[in-house]
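The chain contents come next:
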Amino acid sequence: MNANKKLDIEQQEIVAKMRALINEVRKHNNAYYVMDAPTISDNEYDQLRLSLIELEERYPDLTQSDSPTASVGDDPLPSFSQVKHDIPMLSLGNVFNKDDLTEFMRRVNDRLSDKDKDPSYEVELKLDGLAVSLKYHNGHFVRGVTRGDGQTGEDITQNVRTINNIPLVLEAAFDIDVLEVRGEVLMPKAGFERLNREAKQSEGKVFANPRNAAAGSLRQLDPAVAANRPLAFYAYSVNQGLPEHITQQSAALAWLKEIGFTVSEVKVVNSVDQVQSYYESVIETRNSLPFEIDGMVIKVDDLQLQSQLGHLSREPRWATAYKFPAETAITKLNAIEWQVGRTGQITPVGKLEPVQVGGVTVSNVTLHNIGEIQRLDVRVGDTVSVHRAGDVIPKVTRVWHELRPEDTESVTLPANCPVCDSPVVLPEGEALARCTGELFCPAQQQEALIHFVSRKAMDIEGLGERWLISFFEQGIVKTVADIYHLQEHKADLVNFDRLGEKSVNNMLTAIEESKNTTLSRFIYAIGIKGVGETTAQNLAQHFGDLPPLMEASIEALEAVPDIGTITAELIYNFFRAEHNVEVIEALQQAGVHWDKVEQVVSDNLPLEGQTWVITGTLVESGMSRDDAKARLQVLGAKVSGSVSAKTSALLAGEKAGSKLTKAESLGVRVVLEEEFLALIEA
Ligand SMILES: NC(=O)c1ccc[n+]([C@@H]2O[C@H](COP(=O)([O-])OP(=O)(O)OC[C@H]3O[C@@H](n4cnc5c(N)ncnc54)[C@H](O)[C@@H]3O)[C@@H](O)[C@H]2O)c1
Ligand SMILES: [Zn+2]
C-alpha cells in the first residue's frame, strides 16, 4: 500500500474492517497456539480468517503488512530452544462441501499435463492434535520439533521421548542417514477424560478439548509431567529419507507402519463421489474412534505429482482438508422481526444471512425476548455466532461487538403489534411482551375463539373446535362476536363441508342458549391474560357488573382477592385496548347477558381468611370439584391445590389419597362431604 496516497472514506472503512479482523485472528491465534485455551470454535475462527482473506483478495492494495493470513500457527514459545525446519511445515487449505472439493480437484487438474489428469487421491483422517516432526539419524531418534510458525519450531525432544508409541530405534532405517517422519501428536479421548477428571480433583488445569490437552502436554517444560500425559503419535508423512522405490503417499504410510509407526486408516480413491461417500461414512462412525478427528485430508497419492504441484506460502496445492460440518458458525444479523404468538406473546426472530451450521442452512434464529436482546447487546447489522447441534433449535451464542459497524442502533420493543397495531405492553417482572388486542388481533383470534366456547367459558358445546377453526379459516368467524351472527349464514352453513341441517340447528341452538350466561363466565371467556376461572369469579363478586370492572383503576383491581400488580395491569390494559371494547360491545348487542352479582360485604363471610384444599370425589352430592371450589369461594375461602401447614381445612371426598395423608400428618382439619354440605346449606 502506498502510504502517501490519501485514502478515501470507503477505503478507510475497509482498512478499519481489516484491522478489526486482524486483531481478532491474532487474539485467537494466541489463545489457541500459545495458551492452548481457545475461546471460540475452530469453525468460527476459520470464518473470521476467511473474511479477512476475502477482503485482502478484493482489495490487495489495502492489505496490511502484518496480516496473519499468510503465516502458519503462531510464534514458537521462547522457553524452548528453536529449530529451523529443513522443509517448512505447512498447514492445509479447507473445503467444506462436495462443490468445494470438486473445485479443488479441478484446480489440481488444471496444473497437470493431460496424461496425469484425474490422479488417484489418498484419503486420511484429519487427526485433531498437533503436527510434530521427528528426526532419526541412522535409525536412532534424535529430535522432535513442533510446527511453530511453519519455518521454525520448538525443540520438544525430551517430551517426545516419553510418548509410548514413538519408536526410538528403527532397525529398518539403520542405513538411512536422515529420516524425517511427520505426524500428529494427539490425546485419545479416554486419556483426555481421565486427565481432566484428575485435574478437577487436584485443582489442576482443565482442558477444553483433547487437542488443547495434547498441545499443552507436549509443551510442558518438565518432561516428567509430559510423561504422565496419555499422548500418542500417528505418522502421516515421510519428508526426508523415504526409500526410492516408494512412489505413493499410500505406500509411504504402509512402509511407516511396517517399520514400527502407528498409522491411522487410509483409503485410495479415484473420484469425488468416492471421497464423498467415504466422508459421509466416517461422519457416521467418528464417535466410535478412540480419538477426535475434525475432518479428512485428501492428498494426491503420487509423490512425483505432489512435488510437481508444489505449494503456496501456507499450504500445499496437492492436498486439502475436508472439514466436518460445524456446529457453530458466524454470520450477519440482517433484521429482527417481531412475531405474535397464538396467545399474544411478541417474540423477536433474528433474520440471518443464511449460514451452514449443524449440517443445515439456518436463516432464522429466535432471540426469545427483549431482555435476551439486551443481555446479548445485539443489533441489526451485527456479526453473530450461531450454534446448532443435533435437532436443538439454533441459538445466538455470541455477538461480535468487536466487529460492529458504525451505524447500528440499539433494539427496542415495538410500540404496536405488527399484526393488528394494538399497543404492546411488557408487564413488569415478565419476560415476554404482549399484544393488547386479545379479542381483535388476528394472530390471537383462533386461540381466543377456542377459549371462548370452552366448557368453563361460554360452554357452547354444539360448536366444536374443529368447525370453529374451519369457520375461522374461511373468514366466516373473525372475532368471538361473530359467533352470534352465525345464524345469518345458516343457508351457507348447511352446505359448509357437508355439515348438514341437523348439526347446524344444534349448533345455533347452543349458541342461542349461551347468550344467557353469568358475569364470571363472561369475564373468563373474553380471555384476559392472567385471568383464570377463580380470578374471574373474584372479579365478578367484587365488581358485581361489567361497567365498574371496565372502569376500575389498577389500584381498585389490586384490592380484589388474589390479584397482584401484574394481573391488575393486564386487566387494566385489556379494557384500555379499543379493539377489545368494541368486541365486548358487539357481544352485548348480539344479546349476551347476565344477572348482576349481589355483592356481599366480605368480612361477614364465614370462611374469610381460610385456605381450603379439595381432594377425592364428592359422591353424595355428585358435585364436581370446580363446583365445590366455587361454593367455598362464595363463603370467602381461598382454594389452593396443595396441602401445607398453612391449609385451614381439607375437604376430602371418596378415594382421597396422598393429600389426605399429608393433611393428617400436618394436623390439618379434615372435612368430610357431609359436613361440607351442611356448611354450605347454612
Ligand atoms: N478456535 C480458535 O480460536 C482457533 C485459533 C487458531 C486456530 N484454530 C484452528 O486451528 C486449525 C488451524 O490450524 P492449522 O494451520 O493447524 O490447520 P489445520 O489443522 O486446519 O490443518 C493442518 C494440520 O492438519 C493436521 N493433520 C491432521 N491429520 C493430518 C493428516 N492425515 N495429514 C496431514 N495433516 C494432518 C496437521 O497438524 C496439519 O498441520 C484450524 O482448525 C483452526 O480452526 C482455532
Ligand atoms: Zn396484535
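Residues numbered from 1 in each chain as written. Chains lettered and ligands numbered in written order. Predicted model: local features only at pLDDT ≥ 70, side-chain atom pairs only at ≥ 80, totals over all residues.

- Going by an unreviewed UniProt entry, the protein carries the name DNA ligase and comes from Psychrobacter piechaudii.
- Heading Sequence similarities (unreviewed entry) of the UniProt record for the protein holds this comment: "Belongs to the NAD-dependent DNA ligase family. LigA subfamily."
- As its UniProt record puts it under Catalytic activity (unreviewed entry), the protein is described as follows: "NAD(+) + (deoxyribonucleotide)n-3'-hydroxyl + 5'-phospho-(deoxyribonucleotide)m = (deoxyribonucleotide)n+m + AMP + beta-nicotinamide D-nucleotide." (UniProt positions renumbered as here; feature names shortened; annotations may be inferred.)

### A short note on the environment of Val34
Argument step 1. Relative to the helices and strands, Val34 is located in helix α1 (residues 9-34).
Argument step 2. For Val34, the contacting residues outside a window of four places in its chain are Asp74 and Leu77. (Helix = DSSP H or I, 4+ residues; strand = E, 2+ residues; numbered from the N terminus. Contact = placed C-beta atoms within 7 Å.)

### With respect to the sheet that holds strand β4 (residues 130-137)
Argument step 1. A sheet is described by the order of its strands in space; here 4 strands give the open sequence β5-β4-β7-β8, paired in antiparallel fashion. Edge positions in the open sheet fall to β5 (140-146) and β8 (232-240), since each of these has one partner strand only. Ignoring which end each strand starts from, the neighbouring axes of this sheet average 30° apart.
Argument step 2. Seen against the sheet, helix α6 (residues 210-218) touches β4 and β7 (178-186) and runs at an angle of roughly 130° to β7.
Argument step 3. Sitting on the sheet, helix α8 (residues 249-259) touches β7 and β8, and the angle it makes with β8 is about 125°. (Pairing = 2+ DSSP bridges. Axes fitted to C-alpha atoms, helices over the stretch in contact; angles between N-to-C directions.)

### Structural notes on the UniProt feature "active site" (unreviewed entry) in the protein
Argument step 1. Mapped onto this numbering, the UniProt entry annotates "active site" (unreviewed entry) at Lys126.
Argument step 2. Tracing the chain through its elements places Lys126 in strand β3 (residues 121-127).
Argument step 3. With 22 C-beta atoms counted inside 10 Å, the residue Lys126 sits in the buried group.
Argument step 4. Discounting chain neighbours no more than four positions away, the residues touching Lys126 are Ile293, Asp294, Gly295, Met296, Val297 and Ala321. (Buried ≥ 20, exposed ≤ 12 C-beta atoms within 10 Å, placed from the backbone.)

### Thoughts on the pairing of strand β13 (residues 345-357)
Argument step 1. Judged from the 7 bridges that link them, strand β12 (residues 328-340) and β13 form a sheet pairing that is antiparallel. Looking at β13, one finds that Glu337 is bridged to Val349.
Argument step 2. Between β12 and β13, which pair antiparallel and follow one another directly, the connecting turn spans 4 residues, one of which, Gly344, has a positive phi of 90°.
Argument step 3. In the sheet, β13 pairs with strand β14 (residues 360-366) via 6 bridges, with the strands oriented antiparallel.

### A closer look at the sheet that holds strand β21 (residues 611-615)
Argument step 1. Strands sit in the order β22-β21-β23-β24 across an open sheet of 4 strands; the sheet is parallel. Looking along the sheet, the strands with just one partner apiece sit at the ends: β22 (638-640) and β24 (669-672). With strand direction ignored, the average angle separating the axes of adjacent strands in the sheet is 35°.
Argument step 2. Bridge count for strand β23 (residues 649-652) against β24 is 4 bridges, and the pairing is parallel. Looking at β24, one finds that Leu650 is bridged to Val670.

### Here we look at helix α17 (residues 533-543)
Argument step 1. When we look at burial in α17, the residues that qualify are Thr535, Ala536, Gln537, Leu539, Ala540, Gln541 and Phe543.
Argument step 2. Tucked inside the fold, the buried residues of α17 contact α16 (519-525), α18 (546-551), α20 (565-576) and α22 (625-634).
Argument step 3. Note on α17: the residue one or two positions beyond its end, Gly544, has a positive phi of about 80°.

### A word on helix α21 (residues 578-589)
Argument step 1. Under the 1.5 Å per step criterion, the end-to-end length of α21 is 16 Å for 12 residues, consistent within 8% with the ideal 16 Å.
Argument step 2. Three or more residues of α21 are buried, namely Asn580, Val583, Ile584 and Leu587. Looking straight down α21, one finds that the buried residues subtend no more than 100° of arc, so they occupy a single side. Looking at α21, the residues exposed on the side facing more than 90 degrees away from the buried face are Glu585 and Gln589.
Argument step 3. Check the buried side of α21 and you find it contacts α20.
Argument step 4. Within two residues after α21, Gly591 carries a phi angle of roughly 115°, on the positive side. (Expected span 1.5 Å × (residues − 1). Arc of directions from axis to C-beta.)

### Some words on the site of ligand 1
Argument step 1. Taken together, 24 residues lie around ligand 1, and Tyr32, Pro38, Asp42, Ser91 and Ala131 are the ones closest in.
Argument step 2. At the level of elements, α1, α2 (42-58), β3 and β4 are the ones that each hand at least two residues to the shell around ligand 1.
Argument step 3. A per-element tally of the shell around ligand 1 places α1 first, with 4 residues.
Argument step 4. For the shell around ligand 1, the per-class residue count stands at 13 nonpolar, 5 polar and 6 charged.
Argument step 5. The residue makeup of the shell around ligand 1 includes at least three contributed by each of domain 1 (9-70) and domain 2 (82-323). (Near = placed C-beta within 6 Å. Nonpolar A, V, L, I, M, F, W, Y, C, P; charged D, E, K, R; others polar. Domains from an automatic or database assignment.)

### Here we look at the packing of helix α12 (residues 442-453) against helix α13 (residues 465-473)
Argument step 1. Packing of α12 against α13 brings their axes to within 10 Å, and their N-to-C directions diverge by 145°. The two elements α12 and α13 cross, and the hand of that crossing is right-handed. Together, Gln445, Gln446, Leu449, Ile450 and Val453 of α12 and Glu465, Leu468, Ile469 and Phe472 of α13 make up the contact between the two elements.
Argument step 2. Of the residues in the contact of α12 with α13, the class split is 6 nonpolar, 2 polar and 1 charged. (Left-handed = near helix turned anticlockwise from the far one by under 90°.)

### Focus: the packing of helix α3 (residues 98-110) against helix α9 (residues 272-285)
Helix-helix packing: each pair is described by the crossing angle between the helix axes and the interaxial distance.
Argument step 1. Put simply, α3 and α9 touch, their axes get as near as 10 Å, and they point 140° apart. When the axis of α3 is compared with that of α9, the two are oblique. Here α3 and α9 pass one another in a crossing that is right-handed. Only Val272, Val275 and Gln276 of α9 make contact with α3, whose side of the interface consists of Lys98, Leu101, Thr102 and Met105.
Argument step 2. Split into classes, the residues belonging to the contact of α3 with α9 amount to 4 nonpolar, 2 polar and 1 charged. (Parallel < 35°, antiparallel > 145°, perpendicular 65-115°, else oblique.)

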